[in-house]
Amino acid sequence: MQRTILYVPFNASSRGQWTLRRNAELVGQFSTRDEAIRHALTLTAAIRNQPGHSVEIKVEDESGTWRVADPDLAGADAGAT
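Residues numbered from 1 in each chain as written. Predicted model: local features only at pLDDT ≥ 70, side-chain atom pairs only at ≥ 80, totals over all residues. Heavy atoms only, no water.

Peer 1: What exactly am I supposed to notice about the nonpolar core here?
Peer 2: Taken as a class, soluble globular proteins show a tendency for nonpolar side chains to be buried jointly. Counting residues in hydrophobic clusters, the biggest one holds 15 residues, and the most contacted among them are Leu6, Val8, Leu20, Ile57 and Val59. For this core, the secondary structure elements donating two or more residues are β1 (2-8), β2 (18-22), α1 (33-48) and β4 (53-60). By residue number, the principal contributor to this core is α1, which donates six residues. (Core = buried A, V, L, I, M, F, W, Y, C linked by side-chain atoms within 4.5 Å. Buried < 20%, exposed > 50% of the residue type's maximum accessible area, 1.4 Å probe, protein only. Helix = DSSP H or I, 4+ residues; strand = E, 2+ residues; numbered from the N terminus.)

Structural data, given as structure tokens:
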């Protein structure tokens, strides 16, 4: 099974872009965290439709801790826990 991890690193800058990475590859830059997570949720659905693929979303908080987001939940913070 091919495993993909989507990363949304924390951005402390109020003017900076929020990035989304697929494993080590840059997928895109977004003006808000919510936009980056929404795009990650869209990618998650597309990846899961491919046979033999698994995917998870990891979101970094302001303290530098990475948390797995629940891609089955709708909402801006994707249920990050």
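Peer 1: Just checking my understanding: could you explain the side chain of His53 for this structure?
Peer 2: By the element assignment, His53 lies in strand β4. Only 3.3 Å separates the side chain of His53 from the side chain of Gln50, close enough to count as a polar contact. Here Pro51 takes part through its backbone oxygen, which lies 3.0 Å from a polar atom of the side chain of His53. Residue contacts for His53: discarding those within four places in its chain leaves Met1, Gln2 and Ile47. (Polar contact = N/O pair within 3.5 Å; in protein donor to acceptor, adjacent residues only side chain to side chain. Contact = heavy atoms within 4.5 Å.)

Peer 1: Please explain the environment of Ala36 as it appears in this structure.
Peer 2: Positionally, Ala36 belongs in helix α1. On the basis of relative accessibility, which here comes to 0%, the residue Ala36 falls in the buried class. Separated by 29 residues in the primary sequence, Ala36 and Tyr7 have C-alpha atoms spaced 9.4 Å apart. Each residue touching Ala36, except ones within four places of it in the same chain, is listed here: Val8, Trp18, Thr19, Leu20 and Phe30.

Peer 1: I'm lost on the environment of Gly28 in this one. Help?
Peer 2: By the secondary structure assignment, Gly28 is in strand β3 (residues 25-30). Note on Gly28: relative accessible area 15%, which makes it buried. Taking the C-alpha atoms as reference points, Gly28 and His39, eleven residues apart in sequence, are found 8.9 Å from one another. Not counting chain neighbours up to four residues away, the residues in contact with Gly28 comprise Trp18, Thr19 and Leu20.

Peer 1: I would appreciate a short explanation of the sheet that holds β4 in the present structure.
Peer 2: Hydrogen bonds along the backbone pair up the strands of a sheet, which may run parallel or antiparallel. The strand order β3-β2-β1-β4-β5 describes an open sheet built from five strands, whose pairing is mixed. Where the open sheet ends on each side, the last strands, each with one partner, are β3 and β5 (66-69). Between one strand axis and the next, the sheet turns by 25° as a mean value, whatever way the strands run. For β4 and β5, the ladder comprises four bridges, and the chain directions are antiparallel. What sits directly across from Lys58, in β5, is Val68. Here α1 sits on the sheet in contact with β1, β2, β3 and β4, set at roughly 170° to β4. (Pairing = 2+ DSSP bridges. Axes fitted to C-alpha atoms, helices over the stretch in contact; angles between N-to-C directions.)

These values are about where atoms sit, not about what they do.
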